[in-house]
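# A structural walkthrough
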Amino acid sequence: MHVVVIGAGIVGAATTLELLRDGHRVTIVEPGDPGGEQAASYGNGCLLSTSSVLPVTAPGLWKKLPGWLADPLGPLAVRWSYLPRAAPWLWRFFRAGSSQAKLRAIARALRPLVHDCPVRHKKLAEEAGVGELIHQTGCLYVFPSRADFDADAWAIRRETGTTWIELDENELRQREPALDRRYRFGVIVEASGHCSDPGAYVAALVRHAQALGAKLVRSRAQGFDLDGPRLKAVRTDGGSIACERAVIAAGAWSRELARQVGDRVLLETERGYHAVISSPEVYPRIPVMPSDGKMANVMTAHGLRLAGQVEIAGLAAAPNWKRAEILRDFALSVYPGLPRNLPAERVKFWMGHRPATPDGLPCIGPATGCPDVVHAYGHGHIGLIAGAATGRLVADIVSGKKPTIDPAPFSPARFN
Ligand SMILES: Cc1cc2nc3c(=O)[nH]c(=O)nc-3n(C[C@H](O)[C@H](O)[C@H](O)COP(=O)(O)OP(=O)(O)OC[C@H]3O[C@@H](n4cnc5c(N)ncnc54)[C@H](O)[C@@H]3O)c2cc1C
């Protein structure tokens, strides 16, 4: 079949390769550079963490909403002007995390998408000739004390299959000498890994897909030509592309395309930021997540990347670079060996759009109004992690194969 894949972030790129593997002809529609700065896949925290099964939402979180509105620079902020638009999403967000049982169900659904992510990505990267970008070194979570670790939701992670090694203060010091002394407890999830240049990785996957025969069209998809419930073509600003199937993998920009094929998905952008410090004097040996910083610290091809923050303010608002400065400044407290007063030319800031559903589960599955169109977006904080497994799952759905991962929890129709 001829399949049009809309969007060339990690989800579109991995999906394209799996569709080619199944023998389909693929056209990718993407207005920017594959894996370019417009995509969340470019600037994320690089983590391939097998323990990422919990959504952002949690029981009792609604009590924090006034604080999120009052503090525009808090780790999670909601812009007042955007509140009316975000309200339906926020309502579902609070409901989705209202009990431990709901969190457990989400964790069980996500685990198959994430549990072997470094292995899946290593394989894809090697096929594309960039195996060196994927590292299977584990991820380290650090806490001021054992009690802070116990207060975190690690019990659900254990129940769903995550294993880890605990490190006391001495072991932590030996493993990561660059860390500030306030961290006295750590856990390493050895099965996890990271990608040292996610943008270059996505670009390489798309180049490889092109070498295998995929076509890249530099246009923006605008909608679909349908004949009753059957797909005739994808409409773009550069003309229509006749096809038998289409995949919506346009990340945070997928909502309007989804609506046109009958699904009113609740998709929001959780805007996030990064700061990259070039040639850092000190850096962690493996990816580190400081519990008091809510950010990923990863040494990348371009320097020490500090990624995090959640800002609910829509797709159009200008970035608030103070949020990226917060990430930089916090890193100075995590790694005392970094110089204070870093010159501006050594720090690069970026803002991107996580495609976020309120329940932290992606939308993967055939569209309600046209089963020839398959949804593949909404991965929020775990799109890189889950991208490879999503690509396989989407290809299984398109090819009519029995999927090895149950797509039922990801049904886009759950919001209709
Ligand atoms: C600060 C931050 C840290 C993160 N850390 C991590 C992490 O450590 N690990 C992890 O797994 N995830 C992380 N994420 C989330 C992850 O980056 C995303 O979930 C993932 O990149 C989403 O991939 P995607 O392919 O769905 O979307 P994107 O990468 O955003 O790609 C979508 C593409 O669609 C294109 N597009 C948009 N509209 C159209 C249209 N109409 N027609 C054609 N193309 C279109 C866009 O140009 C874009 O290239 C983080 C995100 C942020 C912002």
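Everything below is about the structure printed above this text.
Report follows, based on the coordinates. (Residues numbered from 1 in each chain as written. Predicted model: local features only at pLDDT ≥ 70, side-chain atom pairs only at ≥ 80, totals over all residues. Heavy atoms only, no water.)

### Quick word on the sheet that holds strand β2 (residues 25–29)
- What the six strands build is an open sheet, ordered β10-β2-β1-β14-β21-β20; its pairing is mixed. Bordering the open sheet on either side are β10 (215–217) and β20 (363–366), each of which pairs with just one other strand. The average undirected angle you get between the axes of adjacent strands in this sheet is 20°.
- Bridging between β20 and strand β21 (residues 373–377) involves four bridges; their strand directions are antiparallel. Looking at β21, one finds that Pro 366 is bridged to Val 374.
- Running at roughly 15° to β20, helix α13 (residues 383–399) makes contact with β1 (2–6), β14 (245–248), β20 and β21 of the sheet. (Pairing = 2+ DSSP bridges. Helix = DSSP H or I, 4+ residues; strand = E, 2+ residues; numbered from the N terminus. Axes fitted to C-alpha atoms, helices over the stretch in contact; angles between N-to-C directions. Contact = heavy atoms within 4.5 Å.)

### Digging into the side chain of His 353
- Within the fold, His 353 resides in strand β19 (residues 347–356).
- On the basis of relative accessible area, His 353 is assigned to the buried category, the value being 8%.
- Among the polar contacts made by the side chain of His 353, one reaches the side chain of Thr 269 at a distance of 2.8 Å.
- Excluding residues within four positions of it along the chain, His 353 makes contact with Ala 40, Ala 252, Trp 253, Thr 269, Glu 270, Arg 271, Gly 314 and Leu 315. (Buried < 20%, exposed > 50% of the residue type's maximum accessible area, 1.4 Å probe, protein only. Polar contact = N/O pair within 3.5 Å; in protein donor to acceptor, adjacent residues only side chain to side chain.)

### Comments concerning the site of the ligand
- Neighbouring the ligand are 36 residues, the closest being Glu 30, Ser 41, Gly 45, Gly 380 and Ile 385.
- A distance of 3.3 Å is found between an oxygen atom of the ligand and a backbone nitrogen or oxygen belonging to Ile 10.
- Between the ligand and Gly 45, the relevant distance is 2.8 Å, taken from a nitrogen atom to a main-chain nitrogen or oxygen of the residue.
- Protein chains bury 97% of the 1000 Å² of accessible surface belonging to the ligand in isolation.
- Secondary structure elements with two or more residues in the shell around the ligand: α1 (10–21), α2 (40–43), β15 (268–277), β19 and α13.
- Among the elements that line the shell around the ligand, the one with the most residues is β19, at four residues.
- Residues that form the shell around the ligand fall into these classes: 20 nonpolar, 13 polar and three charged. (Near = heavy atom within 4 Å. Areas by Shrake-Rupley, 256 points an atom, 1.4 Å probe, with all protein chains shown as cover. Nonpolar A, V, L, I, M, F, W, Y, C, P; charged D, E, K, R; others polar.)

### Section: the environment of Pro 66
- Along the polypeptide, Pro 66 turns up in helix α3 (residues 65–70).
- Look at Pro 66 and you get exposed, because its relative accessible area is 53%.
- Linking Pro 66 and Ala 324, residues 258 residues apart in sequence, is a C-alpha distance of 22 Å.

### Remarks on the nonpolar core
- Counting 57 residues, the largest nonpolar core has Leu 19, Leu 110, Leu 113, Tyr 201, Leu 205, Val 247 and Phe 410 as its most contacted members.
- For this core, the secondary structure elements donating two or more residues are β1, α1, β2, α5 (100–114), α6 (117–127), α10 (198–211), β21 and α13.
- With 10 residues, α13 is the largest single contributor of residues to this core.
- Setting aside residues up to four positions removed in sequence, Leu 113 forms contacts with Pro 362, Ile 364, Ile 385, Ala 386, Ala 389, Thr 390, Ile 405 and Phe 410.
- Core analysis: the second largest hydrophobic core is formed by 26 residues, Tyr 273, Leu 327, Val 347 and Met 351 among them. (Core = buried A, V, L, I, M, F, W, Y, C linked by side-chain atoms within 4.5 Å.)

### Considerations on the packing of α6 against α10
- Relative orientation of the contacting elements α6 and α10 amounts to 55°, with a least axis distance of 9 Å. Classified by the interaxial angle, the pair formed by α6 and α10 is oblique. Read as a crossing pair, α6 and α10 show a hand that is left-handed. Of the residues in α10, those touching α6 at His 121, Leu 124, Ala 125 and Glu 127 are Tyr 201, Leu 205 and His 208.
- Split into classes, the residues belonging to the contact of α6 with α10 amount to four nonpolar, two polar and one charged. (Parallel < 35°, antiparallel > 145°, perpendicular 65-115°, else oblique. Left-handed = near helix turned anticlockwise from the far one by under 90°.)

### So, the pairing of β1
- The buried fraction of β1 amounts to five of the five residues, a majority that puts the element mostly inside the structure.
- Side-chain alternation along β1 places His 2, Val 4 and Ile 6 on one buried face and Val 3 and Val 5 on a second face that is also buried.
- Of the pairings in the sheet, the one linking β1 to β2 comprises five bridges and is parallel in character. What sits directly across from His 2, in β2, is Arg 25.
- Chirality of the crossover, the property in question, places the unit of β1, α1 and β2 among those that are right-handed.
- As paired strands, β1 and β14 are joined by four bridges and run parallel to one another. (Right-handed = clockwise from strand over helix to strand, strands pointing away.)

### Thoughts on the environment of Ala 389
- Residue placement: Ala 389 occurs in helix α13.
- Its relative accessible area of 1% is what places Ala 389 among the buried residues.
- Taking C-alpha positions, Ala 389 is 24 Å from Val 288, a pair spaced 101 residues apart along the chain.
- Setting aside residues no more than four positions away along its own chain, Ala 389 makes contact with Pro 112, Leu 113, Arg 120 and Ile 405.

### With respect to α10
- A rise of 1.5 Å per residue sets the reference length of α10, with its 14 residues, at 20 Å; its end C-alpha atoms lie 20 Å apart and thus fit the reference within 8%.
- The first or second residue beyond α10 is Gly 213, which carries a positive phi of 115°. (Expected span 1.5 Å × (residues − 1).)

### Side note on the packing of aromatic side chains
- Under the criterion given, the structure shown has 14 aromatic pairs.
- Seen in terms of ring centroids, Phe 149 and Trp 164 are 6.0 Å apart; in terms of plane orientation they differ by 75°. Their pairing is edge-to-face. Taken together, the positions of Phe 149 in helix α7 (residues 146–151) and Trp 164 in the loop between α8 (154–159) and β7 (165–167) put the pair 15 residues apart, joining distant regions of the chain. You'll find Phe 149 and Trp 164 in the same group, each marked buried.
- A centroid spacing of 5.9 Å and a plane angle of 85° characterise the contact between Tyr 273 and Trp 321, whose relative ring orientation is edge-to-face. Taken together, the residues span a long stretch of sequence, with Tyr 273 in strand β15 and Trp 321 in the loop between β18 (303–312) and α12 (322–334) at a distance of 48 residues.
- Through a chain of ring-to-ring contacts, the aromatic side chains of Tyr 141, Phe 143, Phe 149, Trp 154, Trp 164 and Phe 185 assemble into a single cluster. (Phe/Tyr/Trp six-rings, centres within 6.5 Å; stacked < 30°, edge-to-face > 60°.)

Remember that the coordinates give geometry; whether it matters functionally is a separate question.
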